[in-house]
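Fold and geometry: a report
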Amino acid sequence: MATKHEQILEHIDLLSVGSKISVRGIAKALNVSEGTAYRAIKEAENQHLVSTIERVGTIRIEKKKKENIERLTFAEITKVVDGQVMGGREGLHKTLNKFVVGAMKLEAMMRYTEAGSLLIVGNRTNAHELAVKEGAAVLVTGGFDTTDKVKKLADEKKLPVISTSYDTFTVATMINRAIYDQLIKKEIVLVDDIYTPLEEASFLKTSEDVSRWHELNEETQHSRYPVIDANKRVVGMVTSKDVINQEPNIRIEKVMTKNPMTVQTRTSLTNAAHMMVWEGIELMPVVDQAHKLQGIVSRQDVLKALQNLQRQPQIGETIDDLVSNQLQLSEEDIEDFTLETTVTPQMTNQLGTLSYGVFTSLITEASSRLLSKHKKGNLVVENISLLFIKPVQLESVIEIKPQLLEIGRKFAKVDVEVHHNKSIVGKALLMAQLIDR
């Protein structure tokens with residue numbers, strides 16, 4: 001039977017797009033406490049089923065498809081620009097196709113403004129009116145208001161007219177940043193992208209016995225299976241080690257390993273890889289919020305996806321990508337392996353010197369490249385001891401010299417020195433686990 005939390009999520013999922021949702025309303029409709037309703041609404045927000053906007057409330061929005069992730073809804077735009085909705089609230093769930101900055105003459109502006117777009121414009125009420133008539137939403141910058149006629153038209157057409165105190169340039173930059181962040185998110189591979197769903201996965205039930213393990217083993221040639229209870233919740237794992245020398249009629253729950261490690265569909269691929277390498281796990285059950293089995297993910301799936309990921313061209317660059325792309329090899333000899341980079345504005349803190357986060361990325365990337373010279377696998381950092389000796393200014397050229405202190409089959413210790421103008425500006429000791437390629 002579904003828990004109260006699951007029932008609320010199902011209820012929200014079935015609501016029509018644009019519906020208003022409140023904690024009190026949900027609590028009353030489903031006869032649950034307000035605390036339970038609040039937690040479920042927060043989870044629905046994580047699942048992109050609803051969006052909460054200040055002074056408007058929580059509304060049901062369209063759940064974005066994966067390939068449509070770079071598109072934003074008007075509700076999300078309102079949040080990004082700290083906006084106030086002046087009209088057309090019922091259209092906040094809609095997705096915008098493009099945005100137009102209205103810094104031109106009215107006729108030219110209208111040529112670019114089409115249905116489903118967002119016009120970003122200042123105090124030009126005639127432009128607000130024409131845009132809404134064309135089927136576009138309007139974002140009024142500079143904290144200006146619009147006319148009652150435009151507000152009424154926006155309500156009729158269900159197209160949001162939003163006001164923000166930021167200027168037009170800042171707003172366009174903020175929206176661009178939000179779209180760019182979505183592109184980076186799109187590139188982060190999740191367990192959801194690679195796992196084997198429940199219909200194709202093999203599993204055992206607590207009520208079954210060891211003979212069922214042998215049947216599955218013959219059918220699938222696999223030796224590891226998750227174990228579920230009567231409510232489909234994962235309660236254990238069974239491997240060949242657990243069933244060896246056991247009588248065929250012994251119950252699975254007597255031999256299984258209890259409380260196995262699990263992942264959720266929203267877990268990132270690198271996190272799953274880290275857990276599997278760390279714990280030496282070959283297969284993990286994928287579960288939902290209620291710990292019900294959704295499918296399985298194997299170590300091979302994870303490593304294959306990680307290798308594919310390294311071959312992908314980047315669309316949205318994270319700081320780590322930026323650091324990696326700018327790091328050039330200046331000395332390839334393994335005894336004197338040296339990398340070089342210039343400190344750019346994105347790599348600095350508010351004081352204009354190299355930031356600690358970027359320094360850590362440089363250390364990790366340099367160590368990773370040195371280990372790949374030794375034909376070793378990918379590294380998972382276990383510990384980094386940093387010693388920042390001198391601040392490194394903007395536009396400085398720095399050299400990073402990693403040296404292997406110790407290396408085993410699954411472990412490496414790297415000493416890294418960072419030089420600027422022939423003097424040491426930073427030192428680090430990095431310890432890492434190695435994942436076989």
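Please read all numbers here as calculations on a predicted model, not as lab measurements. (Residues numbered from 1 in each chain as written. Predicted model: local features only at pLDDT ≥ 70, side-chain atom pairs only at ≥ 80, totals over all residues. Heavy atoms only, no water.)

Some details on the sheet that holds strand 1 (residues 20-21)
Overall, antiparallel pairing links the three strands, which are arranged 1-3-2 in an open sheet. Only two strands of the sheet have a single neighbouring strand rather than two, namely strand 1 and strand 2 (50-53). Where strand 1 lies against strand 3 (residues 57-60), two bridges are found, and the strand directions are antiparallel. From the neighbouring strand, I21 faces strand 3, where its bridge partner is T58. (Pairing = 2+ DSSP bridges. Helix = DSSP H or I, 4+ residues; strand = E, 2+ residues; numbered from the N terminus.)

Observations regarding the side chain of T338
Mapped onto the fold, T338 is located in strand 18 (residues 338-342). The class of T338 is buried, set by a relative accessible area of 2%. At 3.1 Å, the side chain of T338 and the backbone oxygen of D336 are in polar contact. Of the polar contacts made by the side chain of T338, one reaches the side chain of K401; its length is 3.5 Å. Once you skip the residues sitting within four places of it in the chain, T338 turns out to touch Q328, L329, S330, E331, E399, I400 and K401. (Buried < 20%, exposed > 50% of the residue type's maximum accessible area, 1.4 Å probe, protein only. Polar contact = N/O pair within 3.5 Å; in protein donor to acceptor, adjacent residues only side chain to side chain. Contact = heavy atoms within 4.5 Å.)

What about the UniProt feature "domain: CBS" (unreviewed entry) in the protein?
Look at the UniProt record and you will see "domain: CBS" (unreviewed entry) annotated at residues 195-254 and 256-314. Its end C-alpha atoms 28 Å apart, residues 195-254 is made of 30% helix and 22% strand. (UniProt positions renumbered as here; feature names shortened; annotations may be inferred.)

Section: the sheet that holds strand 5 (residues 99-101)
On the basis of which strands lie adjacent, the open sheet formed by five strands has the order 4-8-7-6-5 and mixed pairing. The open sheet has two edge strands with one neighbour each: strand 4 (84-87) and strand 5. Each neighbouring strand pair of the sheet contributes to a mean axis angle of 25°, computed without reference to strand direction. Of the strand pairs in this sheet, strand 7 (residues 137-140) and strand 8 (residues 161-163) are connected by three bridges, and their pairing is parallel. Opposite V138, over in strand 8, you have V161 as the bridge partner. In the packing of helix 7 (residues 148-157) onto the sheet, the strands contacted are strand 4 and strand 8, and the crossing angle to strand 4 comes to about 90°. (Axes fitted to C-alpha atoms, helices over the stretch in contact; angles between N-to-C directions.)

Considering the packing of helix 1 (residues 4-14) against helix 3 (residues 34-46)
Two elements in contact, helix 1 and helix 3, have axes separated by 9 Å at closest approach and are oriented at 55°. For the element pair helix 1 / helix 3, the angle class is oblique. The two elements helix 1 and helix 3 cross, and the hand of that crossing is right-handed. Contacts between helix 1 and helix 3 involve K4, H5, I8, L9 and I12 from the former and T36, A37, R39, A40, I41, E43 and A44 from the latter. A per-class count over the contact of helix 1 with helix 3 returns seven nonpolar, two polar and three charged. (Parallel < 35°, antiparallel > 145°, perpendicular 65-115°, else oblique. Left-handed = near helix turned anticlockwise from the far one by under 90°. Nonpolar A, V, L, I, M, F, W, Y, C, P; charged D, E, K, R; others polar.)

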